[in-house]
Amino acid sequence: MAMIFETHAHYDDEAFDSDREELLASLPAGGVGTVINVGASMATTRNSLALAEKYPFIYAAAGVHPDEVEELTESCMEELRGYCRQGKTVAVGEIGLDYHWHKEEEHRKLQQYWFRRQLALAREEGLPFIIHSREAAADTLTILKEERAGEIGGVMHCYSYSAKQVREYVGMGLYIGVGGVVTFKNARKLKEAVEAVPLENILLETDCPYMAPVPYRGKRNCSLYLPHVATAIAGLKGVSEETVRAATEENAKRLFGKTAGRQKTGGMCNRGGSEFC
């Protein structure tokens, strides 16, 4: 059976402090072949890079989440640029817009500014992006169109919008990240979106320690639970779980392993990659 490619995890989170090494060591035997640990702040980006250096099957994404953009400065952007150039960094993320906690226009404008700046960083460094978007559907789509994001490439992480909107993202050539929510009985909108998306545009992700699938809903999530997500997608697409695992693994390799900027130097193998290539 194909190995699972986990495209969005946060194993540096304190929820894993008690058993991180044991859990990570168990992933390959549990069928998880590759993990991208995703930065959400300057500190967690550094933590992600440290995990990638320690484990051969872990890679890193460097970026600042919209909730944390108040920490960003020009100096931080140059620091992020340096992280993007490290061998096992495969994406800029997670970046985007989150209006759930931020109702004030000033903060939303700040989010939009740094969203555009980090999209530009991804373009300049030849890396795909990982987008977080919550209660900001219209502005996210507008910015991605204005920044010609399809030329950069990336994934809409933890997709939560409509099937109609998902077609717009797929039309731009973007990928759709699907996690544990697809197993929830009340996740009608996401299930409709998954039905509308070609399997060639879907990626598996957990967002762990959050968003655990049924039957683990409400508990700490981890990559070992991704077969439940693959099974749910398989049911919606009318294919086997093995087909989903193989297709999503290939999709992830295509997005994160051979971006345009890295093809100029022979792909990510020349930048520190290993079995991922």
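Since we're looking at a predicted model, the values are computed, not measured.

**Regarding the layout of surface pockets**
Here's step 1: Roughly 790 Å³ of internal volume is contained in the largest pocket.
Here's step 2: Along the wall of the largest pocket there are 32 residues; nearest its centre are H65, E94, H132, D207 and Y210.
Here's step 3: Contributing elements (two or more residues each) for the lining of the largest pocket: β4 (89-98), β5 (129-134) and β7 (175-178).
Here's step 4: If you tally residues by element for the lining of the largest pocket, the top one is β5, at three residues.

**Side note on the state of the cysteines**
Here's step 1: Applying the stated criterion to the full structure yields zero disulfides.
Here's step 2: No disulfide involves C208; its sulfur sits 6.8 Å from that of C222, the nearest cysteine.
Here's step 3: According to the relative accessible area criterion, C222 is buried, its value standing at 6%.

**Some thoughts on the nonpolar core**
Generally speaking, a soluble globular protein has its nonpolar side chains buried in company with each other.
Here's step 1: In terms of nonpolar packing, the biggest core is built from 75 residues, with Y11 and L144 touching the most fellow members.
Here's step 2: The greatest single-element share of this core, amounting to six residues, is contributed by helix α8 (residues 226-237).
Here's step 3: If sequence neighbours within four positions are ignored, Y11 has contacts with F16, R20, L23, L24, L27, V35, N37, L51, C208, C222 and S223.

Quick notes on the rules
Residues numbered from 1 in each chain as written. Predicted model: local features only at pLDDT ≥ 70, side-chain atom pairs only at ≥ 80, totals over all residues. Heavy atoms only, no water. 1 Å grid on protein atoms, 1.4 Å probe; cavity = no way out; pocket = protein on both sides within 12 Å on 5 of 7 lines; lining within 4 Å. Points joined across faces, edges and corners; volume = space filled by probe spheres on them. Helix = DSSP H or I, 4+ residues; strand = E, 2+ residues; numbered from the N terminus. Disulfide = S-S within 2.5 Å. Buried < 20%, exposed > 50% of the residue type's maximum accessible area, 1.4 Å probe, protein only. Core = buried A, V, L, I, M, F, W, Y, C linked by side-chain atoms within 4.5 Å. Contact = heavy atoms within 4.5 Å.

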